[in-house]
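For reference, the chains in residue letters:
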Amino acid sequence: MYLVFRCDCGRAMYSKEGVVRKKCVCGKTFTLKSRRIIKKTDDFKTASKLVRELQEEKYGGLKFTTADRI
Ligand SMILES: [Zn+2]
């Protein structure tokens, strides 16, 4: 089982269930139990897809919209 969650900096990430601590790229380390889990999924492919979607949601899907804005 994989857990999808967010760091305080807003970055979405996933981790295998059972992992106690996780370090974000921002440098913050936290215990998974203290995080609000956004989603649980059985396979990492779904987890990584969710993370990508959450990142695009947060940053406005820049990849897809910049062409229209010019
Ligand atoms: Zn972070």
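Anything mentioned here points back to the structure above.
All values derive from a computational prediction rather than experimental measurement.

**Student:** Just give me the short version of the packing of aromatic side chains, but keep the residues and values in it.
**Tutor:** Per the counting criterion, the structure on display carries 3 aromatic pairs. With a centroid separation of 5.9 Å and 90 degrees between ring planes, the pair formed by Phe 5 and Phe 30 is classed as edge-to-face. In this pair, Phe 5 is assigned in strand E1 (residues 2-6) and Phe 30 in strand E4 (residues 29-31), connecting sequence segments 25 residues apart. Classification of Phe 5 as buried rests on a relative accessible area of 0%. Through a chain of ring-to-ring contacts, the aromatic side chains of Tyr 2, Tyr 14 and Phe 44 assemble into a single cluster. If you follow Arg 35 out to its NZ or CZ, it ends over the ring of Phe 30, 4.7 Å from the centre.

**Student:** With reference to specific residues and values, describe the coordination of the zinc ion.
**Tutor:** Only Cys 7 (SG), Cys 9 (SG), Cys 24 (SG) and Cys 26 (SG) from the protein coordinate the zinc ion, and they sit 2.3 Å from it. Because the angles between the 4 donor atoms bound to the zinc ion fall within 104 to 113 degrees, the donor set is best described as tetrahedral. Linear spacing of the donor residues for the zinc ion on their chain is C-x1-C-x14-C-x1-C. A residue pair is termed long-range when its members are at least 10 positions apart, and Cys 9 in the loop between E1 and strand E2 (12-16) and Cys 26 in the loop between strand E3 (21-23) and E4 qualify at 17 residues. Here Cys 9 falls in the partly exposed class, since its relative accessible area comes to 38%. Since its relative accessible area comes to 45%, Cys 26 is described here as partly exposed.

**Student:** Tell me about the environment of Lys 16, and please be specific about residues and values.
**Tutor:** Within the secondary structure, Lys 16 sits in strand E2. Counting along the chain gives 13 residues from Lys 16 to Leu 3, while the straight-line C-alpha distance between them is 6.2 Å. If we ignore the near neighbours within four places in the chain, the residues touching Lys 16 are Met 1 and Tyr 2.

**Student:** A description of the pattern of salt bridges should follow, citing residues and the corresponding values.
**Tutor:** All told, the structure shown has 5 salt bridges when counted by the stated rule. Between Glu 57 and Arg 6 there is a salt bridge, with its nearest N and O atoms 3.8 Å apart. Of this pair, Glu 57 sits in helix H1 (residues 44-58) while Arg 6 sits in strand E1; the two residues are 51 residues apart in sequence, bridging distant segments of the chain. Arg 6 gets classed as partly exposed once you look at its relative accessible area, which sits at 22%. Put simply, Glu 53 and Lys 49 hold a salt bridge, and the shortest N to O gap is 3.2 Å. Taken together, the positions of Glu 53 and Lys 49, both in helix H1 and 4 residues apart, correspond to about one turn of that helix. The exposure class of Glu 53 is partly exposed, given its relative accessible area of 39%. The exposure class assigned to Lys 49 is partly exposed, which follows from its relative accessible area of 45%. A single network of salt bridges, built from pairs that share partners, joins Asp 8, Lys 28 and Arg 35.

Conventions we followed
Residues numbered from 1 in each chain as written. Predicted model: local features only at pLDDT ≥ 70, side-chain atom pairs only at ≥ 80, totals over all residues. Heavy atoms only, no water. Phe/Tyr/Trp six-rings, centres within 6.5 Å; stacked < 30°, edge-to-face > 60°. Helix = DSSP H or I, 4+ residues; strand = E, 2+ residues; numbered from the N terminus. Buried < 20%, exposed > 50% of the residue type's maximum accessible area, 1.4 Å probe, protein only. Lys NZ or Arg CZ within 6 Å of the ring centre and 35° of its normal. Donors = N, O, S within 2.8 Å, 3.2 Å for Na, K, Ca; no water. Tetrahedral: all angles 85-135°; square planar, octahedral: opposite > 155°, others 65-115°. Contact = heavy atoms within 4.5 Å. Salt bridge = Lys/Arg side-chain N within 4 Å of Asp/Glu carboxyl O.

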